Amino acid sequence: AQSVTQPDIHITVSEGASLELRCNYSYGATPYLFWYVQSPGQGLQLLLKYFSGDTLVQGIKGFEAEFKRSQSSFNLRKPSVHWSDAAEYFCAVEAGGGNKLTFGTGTQLKVEL
Amino acid sequence: DSGVTQTPKHLITATGQRVTLRCSPRSGDLSVYWYQQSLDQGLQFLIQYYNGEERAKGNILERFSAQQFPDLHSELNLSSLELGDSALYFCASSKNSGTGYKGYTFGSGTRLTVV
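Keep in mind the model is a prediction, meaning the values are calculated, not measured.

A. Representation of the overall build of chain B in the model. Counting its secondary structure elements, chain B contains 0 helices and 11 strands. In summary, chain B has a C-alpha radius of gyration of 13 Å against a globular reference of 13 Å for 115 residues, a match within 12%. Its C-alpha atoms put chain B at 40 × 30 × 25 Å along the principal axes. By the burial criterion, 50% of the 115 residues in chain B qualify as buried. Accessible surface for chain B amounts to roughly 5500 Å². Of this, 47% is attributable to carbon and sulfur atoms.

This is the structure in structure tokens:
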């Protein structure tokens with residue numbers, strides 16, 4: 001069965017600094033990969049997704065992610081963080097059909113002004 | 001507004017009771033998914049319906065059931081509620097199921113508190 005690991009439970013960065021959130025997955029083939037963001041009291045918003053092709057994908061709000069097959073990773077990056085980016089970020093994988101998503105445990109991002 | 005509507009937003013009920021959570025998918029979407037988000041289990045897939053039929057089942061308890069109606073809205077029924085059922089329940093929708101999948105749209109969730 002597929003699994004997703006987000007090794008960082010909490011991350012704190014200063015506003016304007018760069019950000020990288022880590023995600024590793026376990027699956028025999030290339031899965032579909034996603035990053036979602038959840039603000040307090042809100043639902044999950046899709047930031048970006050990878051299905052195939054170019055391994056660097058661009059998303060909304062200035063986020064990007066890079067798929068590295070050799071490392072089974074799909075890390076999320078942003079060159080300059082804004083205070084409004086403070087939220088919880090979830091990496092997810094869809095594999096094996098049926099569109100079931102398996103989520104990581106999430107990374108809580110705090111932005112210091 | 002994501003286009004996926006969940007009602008109610010908040011629900012407080014007693015142990016042993018039964019509740020129904022409702023989800024209206026985004027216009028044109030045929031698949032509905034239910035997820036449970038709790039502090040100890042994280043985000044867990046419960047069940048998927050596609051055009052009225054059950055398509056996939058995850059970690060859904062026997063006390064829980066769901067259905068999708070001809071107008072494509074879905075209901076998640078939770079019965080014999082326990083304290084541990086307190087969680088945020090999300091509904092999501094997508095246009096397709098299986099191949100052609102392009103991603104989910106989540107609703108804002110129903111927060112269930114069992115007291």
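Now that the structure is up, let's keep going.
B. Highlighting the sheet that holds strand β7 (residues 64–68) of chain B. Residues and elements named next belong to chain B. Spatially, β1-β3-β8-β7 is the arrangement adopted by the 4 strands of the open sheet, whose pairing is antiparallel. The sheet is open, and its two borders are formed by β1 (5–7) and β7, each paired with just one other strand. Taken over all neighbouring pairs, the strand axes of this sheet differ in orientation by 15° on average, direction set aside.

C. Representation of the state of the cysteines in the model. Taken as a whole and assessed by the stated rule, the structure comprises 2 disulfides over all chains. Each disulfide pairs two cysteine sulfurs, and for C23(A) the partner residue is C91(A), the sulfurs being separated by 1.9 Å. The chirality of the disulfide connecting C23(A) with C91(A) is left-handed, given an S-S dihedral of about -65°. In this pair, C23(A) sits in the loop between β3 (19–21) and β4 (24–26) while C91(A) sits in strand β10 (residues 87–94), placing the two residues 68 residues apart along the sequence. The class for C23(A) is buried, based on a relative accessible area of 0%. Each disulfide pairs two cysteine sulfurs, and for C23(B) the partner residue is C91(B), the sulfurs being separated by 1.8 Å. Disulfide C23(B)-C91(B): the torsion about the S-S bond is -55°, which places it as left-handed. Of the two residues, C23(B) sits in strand β3 (residues 19–24) while C91(B) sits in strand β9 (residues 87–94), which places them 68 residues apart along the sequence. Look at C23(B) and you get buried, because its relative accessible area is 0%.

Rules used throughout
- Residues numbered from 1 in each chain as written.
- Chains lettered and ligands numbered in written order.
- Predicted model: local features only at pLDDT ≥ 70, side-chain atom pairs only at ≥ 80, totals over all residues.
- Heavy atoms only, no water.
- Helix = DSSP H or I, 4+ residues; strand = E, 2+ residues; numbered from the N terminus.
- Rg over C-alpha atoms; globule rule 2.2 N^0.38 Å.
- Buried < 20%, exposed > 50% of the residue type's maximum accessible area, 1.4 Å probe, protein only.
- Areas by Shrake-Rupley, 256 points an atom, 1.4 Å probe, with all protein chains shown as cover.
- Pairing = 2+ DSSP bridges.
- Axes fitted to C-alpha atoms, helices over the stretch in contact; angles between N-to-C directions.
- Disulfide = S-S within 2.5 Å.

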